[in-house]
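Each chain is listed here by its residues.
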Amino acid sequence: MPSHLYADRPAQSPEPGSVDALISQTRQLRGEVDAVRPDTVDDDDARGRWQRALCDLAVHHLDDIGEHLGQLKEGLEPTVPEAVELPRAAPAPETGAAGGEAQQTRVGSAEWNLLTDEVSWSDELFQIFGRSPESGALTLDELGSTLFSEDQPLLTAMVTACLVDGKPIDGEFRIVRADGRVRTLHMRGEPVLDADGCTATMWAVLRDVSDLRRSQRAVRESRDSLRRRQEIARTERRLAVELQEAVLPPWRGSLRFPHDSTGALDVAAHYLPSATSALIGGDWYDALELPGGRTMLTVGDLTGHGVTATSGMAVMLGALRGMAMAGIEPGPLMGWLNQLLETSVQPALGSAVCCRYDPARRVLSWAQAGHPAPLLFRRGRGRSLLPPEGVLLGATSGAAYGQAEEALETGDVLVLHTDGLTPRGIEFSKADGTERLLALAPRFSAARSAQDCVRLVIGEFGEGEREDDACVLVARVGA
């Protein structure tokens, strides 16, 4: 159970200074353990051998801790994207009577006398193996029978090298206890030679490192999983960017629609990526010259991010372009888009505004689906157009979408945008963002082109912390 001093504190990311302090403390503690570790131990000093082995294990463990803290200080590479979800921590080991015993008893000792065949085990080692002292200690041959079959050759090789060549034992293996539980043990030991230089006894310290290895395995698996997720996120972002660039209009700067007509529109647009997310959303913008000299203007947004959103946006924008070229009015067009999204394999919601401008009549016909209304700027003043009826695309079956008309004049500036353009939160509301746009009216009046107006919008909103990506399209009525 955690200390009551920390029970009510939320978990926090370690500060660099605190990690440095832990590294220093670990190094200091390792030096202190080294200082008390016996340099030499008499062969008949069982307690001294036990203490030496414990010091060796402590030093080994402190070296591991120092390495892990160094990794924690350096951090994982590459950097984790914000849209990417981190792997969940591995579940804690089971607690209870058996679990508590395993956690409390981690180190035991043993000695095998090769001359008398006597075997001596500490009480702790009996607990680690799940055996009662009455059942007796295991001989070296019997010890091998408790190991996994693939680990038995390792133990045989270590014991042979110790008994025949006098080499120390240092290795790990897995055992199956009498109760069926699997434990991982780290064994360290040395031979004790007689007067003739032959191995008389072999002693060893066995440490239960099951929890440590389980934690290390969880770290490796979570690190590998995280790296796989990062690679998937990078691949998905690249695909989404490529798809978005293939679908959105390739033009940069101002364009004239229609090309040869009085009252034509000077059009410019810009895509603004999210400032807080590494994923690409489903925002779109488009301007298209229609038969009869008319022009289609549209912006919209699908919910979601990544390839799913951009592919859905490609389908919606393709359908919108086709229906506009076929002469379908903005209101009915929204109804067909709603039906298309409703029957889509990937369920989503969308918002959009679609305008059709007739330069001969200087009339803008438009419809919207749960989207911010276009803003009209005229002679240094701005206002939102009164939106006709229209709910979000994909929200309800058979929804009806109204259509409105607005007479335009030479010099008018029309601004269409997705709702990610203006910041939202405690400090800003949707109305605040609209007011900031409308406050640009005097500067729009002095602008010489639609591209200049787009630059003004980017200057006002491009530096802010947007939670979503956004599009803005500006159309200026020419003489």
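Definitions and cut-offs
- Residues numbered from 1 in each chain as written.
- Predicted model: local features only at pLDDT ≥ 70, side-chain atom pairs only at ≥ 80, totals over all residues.
- Heavy atoms only, no water.
- Helix = DSSP H or I, 4+ residues; strand = E, 2+ residues; numbered from the N terminus.
- Buried < 20%, exposed > 50% of the residue type's maximum accessible area, 1.4 Å probe, protein only.
- Areas by Shrake-Rupley, 256 points an atom, 1.4 Å probe, with all protein chains shown as cover.
- Phe/Tyr/Trp six-rings, centres within 6.5 Å; stacked < 30°, edge-to-face > 60°.
- Pairing = 2+ DSSP bridges.
- Axes fitted to C-alpha atoms, helices over the stretch in contact; angles between N-to-C directions.
- Contact = heavy atoms within 4.5 Å.
- Salt bridge = Lys/Arg side-chain N within 4 Å of Asp/Glu carboxyl O.
- Parallel < 35°, antiparallel > 145°, perpendicular 65-115°, else oblique.
- Left-handed = near helix turned anticlockwise from the far one by under 90°.
- Nonpolar A, V, L, I, M, F, W, Y, C, P; charged D, E, K, R; others polar.

Participant: So what's going on with the overall build of the protein chain? Residues and values would help.
Facilitator: When you go through the protein chain residue by residue, the secondary structure sums to twelve helices and 16 strands. Within the protein chain, the fraction of its 479 residues that count as buried is 41%. Just so you have it, the protein chain exposes about 25300 Å², and 52% of that area is on carbon and sulfur atoms.

Participant: Lay out the packing of aromatic side chains with the relevant residues and their values.
Facilitator: A complete count under the given rule lists three aromatic pairs for this structure. Note on Trp121 and Phe129: the rings are 4.9 Å apart at their centroids and 40° apart in plane angle, and the pair reads as tilted. On the basis of relative accessibility, which here comes to 3%, the residue Phe129 falls in the buried class. Through pairs of rings, three or more aromatic residues link up here, namely Trp121, Phe126 and Phe129.

Participant: With reference to specific residues and values, describe the sheet that holds strand S1 (residues 107-113).
Facilitator: Pairing in this open sheet of five strands is antiparallel, and the strands run S2-S1-S5-S4-S3 from one edge to the other. Strands at the two margins of the open sheet, each flanked by one partner only, are strand S2 (119-121) and strand S3 (169-176). If you compare each strand with its neighbour and ignore which way they point, the axes differ by 25° on average. Bridging between S1 and strand S5 (residues 199-208) involves seven bridges; their strand directions are antiparallel.

Participant: Kindly report on the sheet that holds strand S12 (residues 375-378), identifying the contributing residues and their values.
Facilitator: If you walk across this open sheet you meet the six strands as S6-S7-S16-S15-S12-S13, and the pairing is antiparallel. Of all the strands in the sheet, the pair left with one neighbour each is strand S6 (255-257) and strand S13 (381-384). Here the average twist between neighbouring strands, direction ignored, is 25°. Two strands pair when backbone bridges link them, and S12 and S13 are joined in this way by four bridges, in the antiparallel orientation. By the bridge assignment, Leu376 is partnered in S13 with Arg383. Set on the sheet, helix H12 (residues 450-461) makes contact with strand S7 (265-272), strand S15 (413-417) and strand S16 (470-477); between it and S7 the angle comes to about 30°.

Participant: An account of the pattern of salt bridges is requested, with residue identities and associated values reported.
Facilitator: Within the structure shown, the criterion is met by 18 salt bridges. Between Arg174 and Glu150 there is a salt bridge, and its shortest N-O distance comes to 3.3 Å. Placement of Arg174 in strand S3 and of Glu150 in the loop between helix H5 (140-145) and helix H6 (152-165) is noted, with a sequence separation of 24 residues between them. For Arg174, a relative accessible area of 28% corresponds to the partly exposed category. Across the salt bridge formed by Glu406 and Arg383, the nearest N and O atoms sit 2.5 Å from each other. Remark: Arg383 occurs in strand S13 and Glu406 occurs in strand S14 (residues 404-407); sequence separation between them is 23 residues. Judged by relative accessible area, which is 37%, Arg383 ranks as partly exposed. The structure contains a network of salt bridges with shared partners spanning Arg378, Arg379, Glu409 and Asp412.

Participant: Got a sec to walk through the packing of helix H7 (residues 210-247) against helix H8 (residues 307-325)? Specific residues and values, please.
Facilitator: Viewed as axis vectors pointing N to C, H7 and H8 meet at an angle of 10°, and their least axial separation amounts to 9 Å. Relative to H8, H7 is oriented roughly parallel. Seen along the crossing, H7 lies across H8 with a hand that is left-handed. Residues Glu236, Leu239, Ala240, Leu243, Gln244 and Val247 of H7 form the contact with H8, whose participating residues are Val307, Thr310, Ser311, Met313, Ala314, Leu317 and Arg321. Grouping the constituent residues of the contact of H7 with H8 by class yields eight nonpolar, three polar and two charged.

Participant: Explain the packing of H8 against helix H9 (residues 330-342) to me, and be specific about the residues and the numbers.
Facilitator: Where H8 contacts H9, the two axes come as close as 10 Å, and the packing angle between them is 145°. In this structure, H8 crosses over H9, and the sense of that crossing is right-handed. In this structure, H8 uses Val315, Met316, Ala319, Leu320, Met323 and Ala324 to contact H9, whose residues at the interface are Leu333, Trp336, Leu337, Leu340 and Leu341. Per-class residue counts for the contact of H8 with H9 are eleven nonpolar, no polar and no charged.

Participant: Can you break down the pairing of S5 residue by residue, with the values?
Facilitator: Across the ten residues of S5, ten count as buried, placing the element largely inside the fold. The turn linking strand S4 (residues 182-193) back onto S5 is made up of five residues, and Gly197 within it adopts a positive phi angle of 85°.

Participant: An account of unusual backbone geometry is requested, with residue identities and associated values reported.
Facilitator: At Asp117, a residue that is not glycine, the phi angle is positive and equals roughly 65°. Mapped onto the elements, Asp117 comes out in the loop between S1 and S2. Note on Asp117: relative accessible area 63%, which makes it exposed. Although it is not a glycine, Arg379 sits at a positive phi angle of roughly 50°. Position of Arg379 among the secondary structure elements: in the loop between S12 and S13.

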